[in-house]
Amino acid sequence: MASSLGRKLAVSLTETAAVPSDRRTFASLALQSIVNAFVYSTYLARLPDIRDQAGISIGAIGVIMTVGNLAGFAGSFFTSSLVRRLGSKRVTIWCGVLYVLSLPVVGSSTSVALLVSAVVGMMLMNVFVDVGVAVQSTQFSIRRHHPVMSRMAGFYSLGTFAGGAAAAWIMSAGFDVSFHLFVLAIVLATALVFVGPGLLPVDEHPDGANRTEGSGSRWRPGPAVLALGLASAMAVPLDIVPGEWATFRMTDDLGTSHATAAAAYFMFAAGMAVGRLGGDWAIVRIGRTRVAWLGPAMSVAGLLTAAGLPSHTTAMAGFLVAGLGISVVSPLLTEMAARVPGPPGSGFRAMFVGDRLAGLLTPAAVGSLAASSQLGVGTSMIIMVLPSAALLVFFAMLSIRR
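Rules used throughout
Residues numbered from 1 in each chain as written. Predicted model: local features only at pLDDT ≥ 70, side-chain atom pairs only at ≥ 80, totals over all residues. Heavy atoms only, no water. Helix = DSSP H or I, 4+ residues; strand = E, 2+ residues; numbered from the N terminus. Buried < 20%, exposed > 50% of the residue type's maximum accessible area, 1.4 Å probe, protein only. Contact = heavy atoms within 4.5 Å. Areas by Shrake-Rupley, 256 points an atom, 1.4 Å probe, with all protein chains shown as cover. Axes fitted to C-alpha atoms, helices over the stretch in contact; angles between N-to-C directions. Parallel < 35°, antiparallel > 145°, perpendicular 65-115°, else oblique. Nonpolar A, V, L, I, M, F, W, Y, C, P; charged D, E, K, R; others polar. Core = buried A, V, L, I, M, F, W, Y, C linked by side-chain atoms within 4.5 Å. Phe/Tyr/Trp six-rings, centres within 6.5 Å; stacked < 30°, edge-to-face > 60°. Patch = residues over 30% accessible without salt bridge, like charges linked within 9 Å, V, L, I, M, F, W, Y side chains within 5 Å. Salt bridge = Lys/Arg side-chain N within 4 Å of Asp/Glu carboxyl O. Expected span 1.5 Å × (residues − 1). Arc of directions from axis to C-beta. pLDDT = per-residue confidence, 0-100. Polar contact = N/O pair within 3.5 Å; in protein donor to acceptor, adjacent residues only side chain to side chain.

Asker: Can you tell me about the overall build of the protein, naming the residues and giving the values?
Answerer: If you tally the helices and strands in the protein, you get 16 helices and 0 strands. Counting all 402 residues of the protein, 48% fall into the buried class. When contacts within the protein are restricted to residue pairs at least 6 apart in sequence, long-range pairs at least 24 apart make up 83% of them. Summed over its atoms, the accessible surface of the protein is roughly 17700 Å², and 68% of this surface lies on carbon and sulfur atoms.

Asker: An account of the packing of helix H13 (residues 312-327) against helix H14 (residues 329-337) is needed here, citing residue identities and associated values.
Answerer: Across the interface, H13 lies against H14 with an axial gap of 5 Å and an inter-helix angle of 5 degrees. Relative to H14, the element H13 is oriented roughly parallel. For the pair H13 and H14, the contacting residues are Gly-325, Ile-326 and Ser-327 in the first and Val-329, Ser-330 and Pro-331 in the second. Residues of the contact of H13 with H14, tallied by class, amount to 3 nonpolar, 3 polar and no charged.

Asker: I'd like a rundown of the nonpolar core, residues and numbers included.
Answerer: Counting residues in hydrophobic clusters, the biggest one holds 95 residues, and the most contacted among them are Leu-115, Met-122, Leu-188, Phe-319, Leu-333 and Phe-348. The element contributing the most residues to this core is helix H7 (residues 112-144), with 15 residues.

Asker: Explain the packing of aromatic side chains to me, and be specific about the residues and the numbers.
Answerer: For the structure shown, the criterion picks out 5 aromatic pairs. On the numbers, 5.5 Å between centres and 20 degrees between planes, the contact of Phe-175 with Phe-179 is stacked. Accessibility expressed as a relative area gives 42% for Phe-179, which makes it partly exposed. On the numbers, 5.2 Å between centres and 70 degrees between planes, the contact of Phe-394 with Phe-395 is edge-to-face.

Asker: So, a nonpolar patch on the surface: which residues are in play, and what are the values?
Answerer: A contiguous nonpolar surface patch, about 530 Å² in accessible area, is contributed by Phe-175, Phe-179, Phe-182, Val-183, Ile-186 and Val-187. Tracing the sequence through the fold places Phe-182 in helix H9 (residues 177-192).

Asker: For H9, give the residues involved together with the corresponding values.
Answerer: Taking 1.5 Å of rise per residue, the 16 residues of H9 would be expected to cover 22 Å, and the 22 Å separating its terminal C-alpha atoms lies within 8% of that figure. Buried within H9 we find Val-177, His-180, Leu-181, Leu-184, Ala-185, Leu-188, Ala-191 and Leu-192. Down the axis of H9, the buried side of the element spans an arc of 130 degrees, and every buried residue falls inside it. Tucked into the core, H9 has its buried residues touching helix H2 (22-45), helix H3 (47-54), helix H6 (88-107) and helix H8 (149-172).

Asker: I'd like a rundown of the pattern of salt bridges, residues and numbers included.
Answerer: This model, assessed by the stated rule, comprises 4 salt bridges. Arg-46 is paired through a salt bridge with Asp-49; the nearest N and O atoms lie 3.2 Å apart. The class of Arg-46 is buried, set by a relative accessible area of 3%.

Asker: Please set out the environment of Ser-33 residue by residue, giving values where relevant.
Answerer: Note that Ser-33 resides in helix H2. Remark: the alpha-carbon pair of Ser-33 and Asp-130, spanning 97 residues in sequence, is separated by 8.6 Å. When residues no more than four places from it in sequence are discounted, the contact partners of Ser-33 are Val-133, Met-152, Phe-155 and Tyr-156.

Asker: Describe the confidence of the model for the protein, naming the residues involved and giving the relevant values.
Answerer: Caution applies to low-pLDDT parts of the model: their predicted coordinates are not meant to be read in detail. Looking at the protein, pLDDT values average 81 and 87% of them are 70 or higher. Ranking the elements of the protein by mean pLDDT puts helix H1 (residues 2-18) last, at 41, and H6 first, at 93. A low-confidence stretch, residues 1-17 (pLDDT under 50), is modelled with 0 contacts involving residues beyond four sequence positions or located in other chains. Contacts for the low-pLDDT stretch residues 206-217, under 50 throughout, to residues beyond four places or in other chains number 23 contacts.

Asker: Go over the packing of H2 against H9, please, and point to the residues and values.
Answerer: Orientation of H2 relative to H9, taken along the N-to-C sense of each, is 170 degrees, at an axis distance of 10 Å. In terms of axis orientation, H2 runs roughly antiparallel to H9. Counted together, Leu-31, Gln-32, Val-35, Phe-38, Val-39 and Thr-42 of H2 and His-180, Leu-181, Leu-184, Leu-188, Ala-191 and Leu-192 of H9 form the full contact between these two elements. Broken down by class, the residue content of the contact of H2 with H9 amounts to 9 nonpolar, 3 polar and no charged.

Asker: Account for the environment of His-180, naming residues and giving values.
Answerer: As for its position among the elements, His-180 is in helix H9. Linking His-180 and Arg-46, residues 134 residues apart in sequence, is a C-alpha distance of 9.5 Å. Contacts of His-180, omitting those with residues within four sequence positions, involve Thr-42, Arg-46, Ala-167 and Ile-170. Within the local environment of His-180, its side chain forms a polar contact with the side chain of Arg-46, the two groups lying 3.1 Å apart.

Right under this line is the structure:
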């Protein structure tokens, strides 16, 4: 009996010693978020060069991107099982490495088959590493009793800025895409060496039970899970419609220059970054319930200003406010996903499925509306966002209550 208690105490002390400090974990998760953003923003920035190197048309690259997004959507159904079997630490480390190493493969693809394979692999790793970071971040928040998800999203936004700016500078210096992505992969892979030691070694559910070594229980989505998935899907239009269509609103509706249109996108992205870096403070100060309806309300107010008033100055201000409003919603839903009953990743599966599906459908819906002779880009944005915002608040409140 004494020897059994001694063994249990030794195991407990070993596990406690293996848990990194809060500061170390925060630094690891922030670095992983920045690396993830660097990979994706660099890939997007160099897509024209990737297309030219493979010798395909812009229509073909659009099809390849759609195939990659479909792969990510399909992969979102397996995130919960992967986290349950391997643990979020292993998923984050190994999928993070494979995500980075997909860059040189994409950058050196000279055939359609190789490019499709590389993009599919990249987007699969994208969804897996995203859910690994989400599980780690929410576990970290629960352990500290203080949210960090919004700041992690803020670091992702900063990484997006940095990746895009670095890509622009490297392209202006004349480096070809294969060399650029090869060197960047080495740099980012080296950075990931510092991520692993700071990650939490064990996944725990909010009730305190260790669920990493799950028994393979089947996923049974209840009302709270379904509400969370629908809320995540409804948040997507508020996130990507202003971001993807801000430039078209400025050029096609208001007749501005391309430089002014780019500035409109920058204002939205800046609002997102600032809002996310301060989102954890907002959640602590005013509570999750208020954030869940104030964020979408602010986003809608900004978008109505940007898309409804015929002035490029007010449009700039509106896109900034729209970015501030929606910035806190996705981190809040991610934190809620960690509290869904079941194995680690159950809530994230619903969230990522809803997010990826809406991400596939929203651009096509806005594009078809904007192509109508009776509607402009601004009106199409409003038609898409208003009902989405109302449903987002409804499902978010339902999920919080349950």
